[in-house]
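# Examining the three-dimensional arrangement
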Amino acid sequence: MKMLLVRKFRVLILMVFLVACTMHIMIDLLPRLERRGPESRPGCSCPPPAAAAPPRAAAPRWPSKHTLRILQDFSAEPASNLSSQSREAAERAAERAAGGGAGGGGAAAAAGRARRLIGPGAPRPPPPAGNTAPLAALFQHPLYRTALPPLADGDLLFNVNSDIRFNPRAAEQPEWQNEDHHEEFLPTGETSIDSYPNWLKFHIGINRYELYSRHNPAIEALLQDLVSQKITSVAMKSGGTQLKLIMTFQNYGQALFKPMKQTREQETPPDFFYFSDYERHNAEIAAFHLDRQVLSLPGRILDFRRVPPVAGRLVNMTREIRDVTRDKKLWRTFFISPANNICFYGECSYYCSTEHALCGKPDQIEGSLAAFLPDLSLAKRKTWRNPWRRSYHKRKKAEWEVDPDYCEEVKQTPPYDSGTRILDIMDMTVFDFLMGNMDRHHYETFEKFGNETFIIHLDNGRGFGKYSHDELSILVPLNQCCRIRKSTYLRLQLLAKEEYKLSLLMKESLLKDKIAPVLYQPHLEAMDRRLRIVLKAVSDCIEKDGYDNVVENDFNTDVNTVTTER
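Residues numbered from 1 in each chain as written. Predicted model: local features only at pLDDT ≥ 70, side-chain atom pairs only at ≥ 80, totals over all residues. Heavy atoms only, no water.

## What about the sheet that holds strand β6 (residues 342-344)?
Judged by pairing direction, the sheet is antiparallel, and its three strands sit side by side in the order β5-β6-β7 without closing on themselves. Sheet topology places β5 (335-336) and β7 (358-359) at the edges, where each strand pairs with a single neighbour. Bridge count between β6 and β7: two bridges; the pairing is antiparallel. Note that in β7 the partner of Cys 343 across the bridge is Cys 359. (Pairing = 2+ DSSP bridges. Helix = DSSP H or I, 4+ residues; strand = E, 2+ residues; numbered from the N terminus.)

Next up, the structure:
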């Protein structure tokens, strides 16, 4: 009797196994059957070929071992399929404009919709009225015409004649090291700098005072590379809370890709904690332009840039991600939605699941590409904990949130007890408040330059989340310390004037990006409002402690006089 039960149990297990295999085979074959034309479906009630819509391009072939699952359609989710929806709106607006419509009302409506388009084909607003654009006028101001002091050998991150071999893949992907000797670059004085790839020109231009100079032509060329260079390899960035991809280009440069998760007009939900907010690709782009074109906050009498170059790009998920990746974990997360859109979700701590998949329509996705800094094997960076770091806890508060005299303790702690580091923190505070970025838990510096150098502003993706709310807690360092550079204070006063209005300058600067408009108009207006709040905070400090105790003079007398008069 016992042996009979065992045999029956084995037969039952075998039957369950056979049923499961049959279901898997049917699921694998279903997408192929759906892709067959109407002629191959004898029982199909589809319209005859003459009445059918024009045929679409054939769907790209998937690798034979990749199983196509028909899962939930995420193409209508706020965090996916956004760029393609906008392209459809652009096509509809163009068709209405070409047809002439039934009068001016239709054309006006189409133009209104076109103003919100996303993508390289979006119409650009006309340049500002007047003979000189606001940015051009701003850069003629003495505050934006300071020069670097002469650079000694110790002020350069790399010496051109050194025996350093630049392998752009070595640091982030150790398995790629020595894969191809042609990927190593040895810059020497014998070779013209014009022959270097633009990413290498960017790297060897870094010095103690700046990541790049304002008029460095290699930066514009590098931005163009980010949006036009052929992508040859893609891998997931390890250790991230949200999905980020490392993209390698044909010229061996690398960039960090952050895909689009929200539309321009969407705000961070009010019930979201700052540490679970989305990382927005357009925030990375806007932060680069704010740092580069508008603030450019100086250290001492210097005018340097702190955010690495970032540009927006429309990426083909099939050709430029799935077909070139060697990351099997990433490759396995691709699927086709019921709407026949290509989707993937990768692996990360937050928002990497089928419920938060990133979908194209059919396979275009918008994102930001941030140029890599030199790899850590060549230029070590030191990571510093931000003294005003948040608790990253649902209930606990950080010490600075409960101790109004917290800054006095910070100013007695190295490296904030000497040099300009505490002023760098104040600059970073202003930068983050203008963006609404609450996620500044750490910052980095180049180890070679010690404490006498600038701090690098990385990971700005959680900025520009709310335009209807100003997070005053971001300004706590400024309110507690009541210290600010005079150059910073004068720039902020300048940007509050109508002729140099911050929102107009940012809008003009962002028009240069391929996915303009980058920011929703209320975000630009929020920056003007926050700027006034910063100036009010500094004014209150001056009234309480006196001008000389609050404003650190880091400019020479001539510049101060000219700036104040203007």
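The structure having been displayed, the exposition proceeds.
## Quick word on the sheet that holds strand β3 (residues 254-259)
With antiparallel pairing, five strands are arranged side by side in an open sheet as β1-β2-β3-β8-β4. Of all strands in the sheet, those with a lone pairing partner are β1 (231-236) and β4 (310-316), marking the two edges. Averaged over all neighbouring strand pairs, the angle between strand axes comes to 35°, with direction disregarded. Sheet analysis places β4 next to strand β8 (residues 364-371), joined by seven bridges and oriented antiparallel. Of the residues in β8, the one forming a bridge with Ala 311 is Leu 369. The sheet strands contacting helix α6 (residues 217-228) are β2 (245-249), β3, β4 and β8, and the helix crosses β4 at an angle near 20°. (Axes fitted to C-alpha atoms, helices over the stretch in contact; angles between N-to-C directions. Contact = heavy atoms within 4.5 Å.)

## Thoughts on the state of the cysteines
Under the criterion given, the structure shown has four disulfides. Between the sulfur of Cys 348 and that of Cys 352 lies a disulfide, 1.9 Å long from S to S. Judged by the sign of its S-S torsion, about 105°, the bond between Cys 348 and Cys 352 is right-handed. Here Cys 482 engages in a disulfide with Cys 541; their sulfurs sit 2.1 Å apart. Between Cys 482 and Cys 541, the S-S torsion sits near -70°, and that sign places the bridge as left-handed. (Disulfide = S-S within 2.5 Å.)

## A short note on the UniProt feature "binding site: Mn(2+)" (unreviewed entry) in the protein chain
Following the UniProt record, one finds the feature "binding site: Mn(2+)" (unreviewed entry) at Glu 279 and Asp 459. The annotated residues occupy 181 residues of the chain but converge on a single region, no pair of C-alpha atoms lying more than 8.7 Å apart. Tracing the backbone shows Glu 279 in the loop between β3 and α7 (281-295). Relative accessible area serves as the criterion here: at 7%, Glu 279 is assigned to the buried category. Ignoring any residue separated from it by four or fewer positions in sequence, one finds Glu 279 in contact with Thr 241, Gln 242, Lys 244, Lys 258, Lys 261, Gly 461 and Arg 462. Counting through the fold element by element, Asp 459 comes out in the loop between β10 (442-446) and α13 (476-481). (UniProt positions renumbered as here; feature names shortened; annotations may be inferred. Buried < 20%, exposed > 50% of the residue type's maximum accessible area, 1.4 Å probe, protein only.)

## Some points on the UniProt feature "binding site: ATP" (unreviewed entry) in the protein chain
Taking the UniProt record as the reference, the feature "binding site: ATP" (unreviewed entry) is found at Gln 242, Lys 258, Glu 279, Ala 370, Ala 371, Phe 372, Leu 373, Glu 444 and Asp 459. Here Leu 373 is to be found in the loop between β8 and β9 (381-385). Relative accessible area serves as the criterion here: at 10%, Leu 373 is assigned to the buried category. Discounting residues that sit within four places of it in the chain, Asp 459 has contacts with Lys 244, Lys 258, Glu 284, Asn 437 and Arg 440.

## Quick word on the nonpolar core
Across soluble globular proteins, nonpolar side chains show a tendency to be buried alongside one another. Leu 245, Ile 321 and Trp 388 are the most contacted members of the largest nonpolar core, which has 111 residues in total. It is helix α12 (residues 421-435) that provides the largest number of residues to this core, a total of 10 residues. Dropping the residues within four chain positions of it, Trp 388 is found in contact with Trp 400, Tyr 406, Cys 407, Val 410, Ile 422, Ile 425, Met 426, Val 476, Pro 477, Gln 480 and Cys 481. (Core = buried A, V, L, I, M, F, W, Y, C linked by side-chain atoms within 4.5 Å.)

## What about unusual backbone geometry?
That bond from Lys 361 to Pro 362 is cis: its omega, 0°, falls within 30 degrees of zero. Looking at the secondary structure, you find Pro 362 in the loop between β7 and β8. The omega angle of the peptide bond from Ala 516 to Pro 517 is 0°, so this bond is cis rather than trans. Within the fold, Pro 517 resides in the loop between α15 (502-510) and α16 (521-545). With a phi angle near 60°, Tyr 351 is a residue other than glycine that sits in the positive phi range. By secondary structure assignment, the location of Tyr 351 is in the loop between β6 and β7. Classification of Tyr 351 by relative accessible area gives buried; the value is 18%. Phi is positive for Tyr 392, close to 55°, though the residue is something other than glycine. Along the chain, the position of Tyr 392 falls in the loop between β9 and α10 (399-402).

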